[in-house]
Amino acid sequence: MNATVLPPGLPRPAPSVEGLGQAFWEGATRHVLCLQRCQDCRTWQGAPELICRHCGSYRLGDEELADTRGVLYSWQRVWYPVHPALKDAVPYVVVLVALPQAPGVRLVGNLVNDPGGPLPIGAALEAVFEDHHNADAEYTLIQWRLMS
Amino acid sequence: MSIKGRVAIVGIGETKWYKRGQSPDAEFKLCVAAIKAAAADAGVDPREITGFSSYSEDRNTPARLANALGVKDFAMSVMQWGGGGGGCCGAVANAAAGILAGYCDYAVVYRGLAQGQFGRFGQGAALNVIPGDMGYVMPYGMLSPAQLFVMRITRFMHEHGVNQSALRAVAMASYHHAQNNSRAIMRGKPLTEEAYDASRWITEPLHLYDCCQENDGAAALLLTTTERAEKLAQKPAVLLAAASGGDPRAGEFGASACNAPDYPTSNFKYVARRAFATAGLGPQDVDVLQCYENFTGGVVMAMVEHGFCQPDEVNALFTLANLKAPSGRLPLNTSGGNLAEVYMHGLSLITEAVRQLRGTSPNQVPNAKVSMVIGGPMVNPVSNLILGSS
Ligand SMILES: [Zn+2]
């Protein structure tokens, strides 16, 4: 039984050496979307940074979203595997997902229910939290399901 | 002070082109040979080269090259940051700036590639943990350049109703021109629309023929002032503009790029404006264009962002008839480009732009007077340049 979209062997995510992304990946293990947000101007930052890119404040926090739905912003269906772990896993779909609750933020994930053919940009998606229990690390990837 | 009209490309040098891993010579030797060829082309003693400029972490260091060439002084070494082939014209801009500043009289811009000897652009890294920006994309199988950039193309096509035929036309133009170029890797292998349509997907919507080759070889450009250029062997290709940079919000490759406020872009909106302003020209003045095909969709976006057409005119402009020399509306990638001549990370596009002004292209555009190069799109920074016959 393969419970993950892609087989094991791909690199796992981690916060930057400065700690950026720590709350995001910890949130994922709790099955919530937790994003960096400026505590002064309230701008969300999908790519976390040490400073608010909008107002220049260093007062950054992390806030959980109330729900885990998104919108399909762009996509690709990969047929040529560039990593040995993916040799028998093609095709697979990578989606770029906009989060209406956090304007400007987009997340990358895999589509768990690829219907084949051109995918409907603008369609509603829901997050699927995919837990990985590796010998050296436990982490959770955020995948997406097309809602019908 | 503008750079316009003050510096020229006076020599071009290339090795033989090889398929990836086929070069009998080491990368450094290829690089030295290309530089010596550029100097010979210009009629300049290679020991007069005291400035070195490259991009994208070229492995052939200026210190080793200066030593090997026995230059009389080692006065300038400049590296254009990051950006894959996005930096090819930026390296020319930096060399020109150094010449204008008086740091050196002759500067060389070079690229050496023996991708069998070293790693490749096209392969994802084999790592166990990916921290930071790339950690948001690589665990999802978004690893290679094609995978990192293609969703911009998909979104652009969606927003503007661009058809697959536009991407195909870029590939068709390169393969068409390669058939007349005795140096082109894909000479003798013409591409038909049927073969394009039937070719396998790399990652949708990119077919095999939408993606650049990987090759071995080296190329070099010799630059000096237009004043000195008058006394040299070749008709100078005068630098009318060279610009680099990008959207300040464009980010890098991972989460920062995916969260760029302007996502479906080649990242040329700022750079295109600056280049044309420096040259005092517009897209309507360009006689022949070399536009870096890492992926065909990036060419479409880059040309739109340079004003060669509006987004809703893409399907009409991008046909083989419009893009081929000598008589198309805008002859594109006239040596066969990255897809069908060789992939030298952009330098072979600049040598071709120079040949068009000299009248020595394998697909010559009659009386070409303004010859433009657009470097690798979608990365950050990107760069471009405009050459003129005077
Ligand atoms: Zn702020």
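In the block above lies the structure referred to throughout.
A brief report on the enclosed structure follows.

How each quantity is defined
Residues numbered from 1 in each chain as written. Chains lettered and ligands numbered in written order. Predicted model: local features only at pLDDT ≥ 70, side-chain atom pairs only at ≥ 80, totals over all residues. Heavy atoms only, no water. Pairing = 2+ DSSP bridges. Helix = DSSP H or I, 4+ residues; strand = E, 2+ residues; numbered from the N terminus. Phe/Tyr/Trp six-rings, centres within 6.5 Å; stacked < 30°, edge-to-face > 60°. Lys NZ or Arg CZ within 6 Å of the ring centre and 35° of its normal. Contact = heavy atoms within 4.5 Å. Buried area = accessible area lost by both parts, 1.4 Å probe. Salt bridge = Lys/Arg side-chain N within 4 Å of Asp/Glu carboxyl O. Polar contact = N/O pair within 3.5 Å; in protein donor to acceptor, adjacent residues only side chain to side chain. Nonpolar A, V, L, I, M, F, W, Y, C, P; charged D, E, K, R; others polar. Donors = N, O, S within 2.8 Å, 3.2 Å for Na, K, Ca; no water. Tetrahedral: all angles 85-135°; square planar, octahedral: opposite > 155°, others 65-115°.

## Brief notes about the sheet that holds strand β2 (residues 34-38) of chain A
Residue and element names in this part refer to chain A.
Phase 1: On the basis of which strands lie adjacent, the open sheet formed by three strands has the order β3-β2-β4 and antiparallel pairing. The strands lining the two open edges of the sheet, one partner per strand, are β3 (44-45) and β4 (60-64).
Phase 2: Sheet topology places β2 next to β3; two bridges connect them, and they run antiparallel. Paired with Q36 across the strands is Q45, a residue of β3.

## Things to note about the packing of aromatic side chains
Phase 1: Inspection of every chain in the model, using the stated rule, returns nine aromatic pairs over all chains.
Phase 2: Each ring, one from F52 of chain B and one from F74 of chain B, has its centre 5.8 Å from the other, and the planes form 70 degrees; the classification is edge-to-face. Of this pair, F52 of chain B sits in strand β3 (residues 49-55) while F74 of chain B sits in the loop between α2 (62-69) and β4 (76-80), and the two are 22 residues apart along the sequence.
Phase 3: Ring-pair connections join several aromatic residues into one group, and the members of that group are F24 and W25 of chain A together with Y136 of chain B.
Phase 4: Stacked on the ring of F28 of chain B, the Lys or Arg R64 of chain B has its end atom at 3.7 Å from the ring centre.
Phase 5: Of note, R152 of chain B hangs over the ring of Y263 of chain B, and the distance from its end group to the ring centre comes to 5.4 Å.

## A word on the interface of chain A and chain B
One frequently used descriptor of interface size is the decrease in accessible area upon assembly of the parts.
Phase 1: Counting from both sides, the interface comprises 40 residues of chain A and, opposite them, 43 residues of chain B.
Phase 2: Summed over both partners, the interface of chain A with chain B buries about 3400 Å², with 56% contributed by carbon and sulfur atoms.
Phase 3: Interface area lost by chain A to chain B is led by P11, Q76 and V82 of chain A, which between them contribute 18%.
Phase 4: Inspection of the region where chain A meets chain B yields one salt bridge.
Phase 5: The residue R77 of chain A makes a salt bridge to E204 of chain B at a minimum N-O spacing of 2.9 Å.
Phase 6: Here chain A is connected to chain B by 21 residue pairs in polar contact (both at pLDDT 80 or more).
Phase 7: Elements with a contribution of two residues or more to the side of chain A that touches chain B: β1 (12-14), α1 (22-29), β5 (69-78), β6 (92-98), β7 (106-110) and β9 (138-146) of chain A.
Phase 8: Sorting elements by how many residues they give to the side of chain A that touches chain B places β5 of chain A first, with six residues.
Phase 9: In terms of residue class, the side of chain A that touches chain B is made up of 26 nonpolar, ten polar and four charged.

## A few points about the coordination of the zinc ion
Residue and element names in this part refer to chain A.
Phase 1: The protein atoms donating to the zinc ion are C38 (SG), C41 (SG), C52 (SG) and C55 (SG), with metal-donor distances spanning 2.3 Å.
Phase 2: Around the zinc ion, the four donor atoms sit at angles spanning 105 to 113 degrees, and that spread fits a shape best called tetrahedral.
Phase 3: Spacing between the donor residues of the zinc ion along their common chain follows C-x2-C-x10-C-x2-C. Here the residue C41 occupies a position in the loop between β2 and β3, and C52 occupies one in the loop between β3 and β4, the gap between them amounting to eleven residues.

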